[in-house]
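Notes for the structure review
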Amino acid sequence: MSHQHPSEQHHFETLAIHAGNTADPLTGAVVPPIYQVSTYKQDGVGGLRGGYEYSRSANPTRTALEENLAALEGGRRGLAFASGLAAEDCLLRTLLVPGDHVVIPNDAYGGTFRLFAKVVSRWGVEFSVADTSDPAAVRAALTPRTKLIWVETPSNPLLGITDIAALSGIARSAGVRLVVDNTFASPYLQQPLALGADVVVHSTTKYMGGHSDVVGGALITGDAELAEELAYHQNAMGAVAGPFDAWLVLRGIKTLAVRMDRHSENATRLAEMLTRHPRVSQVLYPGLPEHPGHEVAAKQMKAFGGMISFRVTDGEEAAVAVCDRTEIFTLGESLGGVESLIEHPGRMTHASAAGSPLEVPGDLVRLSVGIESGDDLMADLQQALG
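What this report covers is the structure whose coordinates are included nearby. Remember, it's a predicted structure, so these values are computed and weren't measured experimentally.

What counts, and at which threshold
Residues numbered from 1 in each chain as written. Predicted model: local features only at pLDDT ≥ 70, side-chain atom pairs only at ≥ 80, totals over all residues. Heavy atoms only, no water. Pairing = 2+ DSSP bridges. Helix = DSSP H or I, 4+ residues; strand = E, 2+ residues; numbered from the N terminus. Contact = heavy atoms within 4.5 Å. Axes fitted to C-alpha atoms, helices over the stretch in contact; angles between N-to-C directions. Core = buried A, V, L, I, M, F, W, Y, C linked by side-chain atoms within 4.5 Å. Buried < 20%, exposed > 50% of the residue type's maximum accessible area, 1.4 Å probe, protein only. Left-handed = near helix turned anticlockwise from the far one by under 90°. Nonpolar A, V, L, I, M, F, W, Y, C, P; charged D, E, K, R; others polar. Salt bridge = Lys/Arg side-chain N within 4 Å of Asp/Glu carboxyl O.

1. Some remarks on the sheet that holds strand 8 (residues 280-284)
- Taken together, five strands build an open sheet; the order of strands is 8-9-12-11-10 and the sheet is mixed. The sheet is open, and its two borders are formed by strand 8 and strand 10 (330-331), each paired with just one other strand.
- Pairing between strand 9 (residues 307-312) and strand 12 (residues 364-368): five bridges, direction antiparallel. From the neighbouring strand, Ser309 faces strand 12, where its bridge partner is Arg366.
- Together, strand 8, strand 9 and strand 12 form the strand contacts of helix 10 (residues 256-275), whose direction differs from that of strand 9 by roughly 15°.

Below is the structure:
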């Protein structure tokens, strides 16, 4: 096989760089060009070159990313969207009709909760909240109208861990589909389809893009029939990734493996330091042996990722003050970039969950640990904690 078409037997690091990245046949350019184009010349009516007619339906730069996404998650088809929530919206409207029911996590991303609570619920879709780290709780939340179990592992921002294989067994026996948001882990650390999930969701804004310079989303599935339905709705609804955004995500993915190794290494050091700090009452990081999901995470993840949350002993105002005092950690929303970020979920990313079962503690601080020097990050957090 030529290196342009890596076989699925190749290792992840090789696929990340080569899958979908076919050299340009016209010039030999080793990076897929940005096809910044809306329409394509047809050779006679209906005579399409390579199947391209209009860039909402398909665009060669987006195709390259979609092929790469499918290869990395071990799926049949990948689809790239304008944002993670656009991907989620397409998935929900493809699979659900009024009267259907979904089980969602009690610690889901705030935007996912808002999509269910404020948007999808208006169209007659109901949801129940369950602790997805407890398979029995998920089984108890199922109803005869349940169509989907939604999982996020590790979860945002409480770093909960869900046993994907266990839940896929529950989903299969109940005849419902299992959806896994794999944003925090990335396909380098965890591959939900191989563990029995039906669909993987990503905000490619985060670790896949990796440089805080693009917003995007993805769906990947191993089910050919479902893939066709999702692709139909992607085109019918139109929230597609633009060519430049697709190109940026594809560029980011090339270094995903090396970045995730460093994110995980730095986060492990910081988590261990925080567990010993007198101003920290609890550290939430699945790499710590005392984390309730540690054994499951060790079984289904290659390493434990770059996200840490911790609770500040002196309460909410002290937690906000820590966020304000860091110098290398930038105060900001989002995550997964090369630079370290710090935020207060209760007042920032998860404000929409206030007053709901997904409300997060006021003394919680969330870190997106970057790939800077671990020594510098350690010193910065120590001075911020005081």
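Let us keep going from here.
2. Observations regarding the nonpolar core
- Ranked by internal contacts, the top residues of the largest apolar core, which has 65 residues, are Leu270, Leu274, Val283, Ile308, Phe310 and Leu367.
- Per-element tally for this core: the top contributor is helix 10, with eight residues.
- Residues in contact with Leu274, not counting those within four places in the same chain, are Val280, Val283, Ile308, Phe310, Leu367, Leu381 and Leu385.
- Counting residues in each nonpolar core, the second largest holds 28 residues, with Leu79, Val102, Leu115 and Trp150 among its members.

3. Details of the side chain of Asp89
- Within the secondary structure layout, Asp89 lies in helix 3 (residues 84-95).
- Relative accessible area serves as the criterion here: at 18%, Asp89 is assigned to the buried category.

4. Overview of helix 12 (residues 316-325)
- The set of residues buried in helix 12 consists of Ala318, Ala319, Val320, Val322 and Cys323.
- Contacts from the buried residues of helix 12 go to strand 9, strand 10, strand 11 (341-343), strand 12 and helix 13 (374-385).

5. Comments concerning the environment of Leu250
- Note that Leu250 resides in helix 9 (residues 243-253).
- It is 7.7 Å that separates the C-alpha atoms of Leu250 and Asn68, two residues lying 182 residues apart in sequence.
- With residues up to four places along the chain from it excluded, the contact list for Leu250 reads Asn21, Pro32, Ala64, Leu65 and Asn68.

6. So, the packing of helix 3 against helix 8 (residues 224-237)
- Two numbers describe how helix 3 lies on helix 8: the axes approach to 9 Å, and their chain directions differ by 115°. The handedness of the crossing between helix 3 and helix 8 comes out as right-handed. Counting all contacts with helix 3, which are made through Asp89, Cys90, Leu91, Arg93, Thr94 and Leu95, the residues of helix 8 involved are Leu226, Glu229, Leu230, His233, Gln234 and Met237.
- Across the contact of helix 3 with helix 8, the residue classes tally to six nonpolar, three polar and three charged.

7. Re the pattern of salt bridges
- Taken as a whole and assessed by the stated rule, the structure comprises 15 salt bridges.
- Among the ionic pairs, Asp43 bridges to Arg49, the shortest N-O distance being 2.9 Å.
- You can call Asp43 partly exposed: its relative accessible area is 44%.
- Overall, the relative accessible area of 49% leaves Arg49 in the partly exposed class.
- The salt bridge partner of Arg311 is Asp363, with a shortest N-O separation of 2.8 Å.

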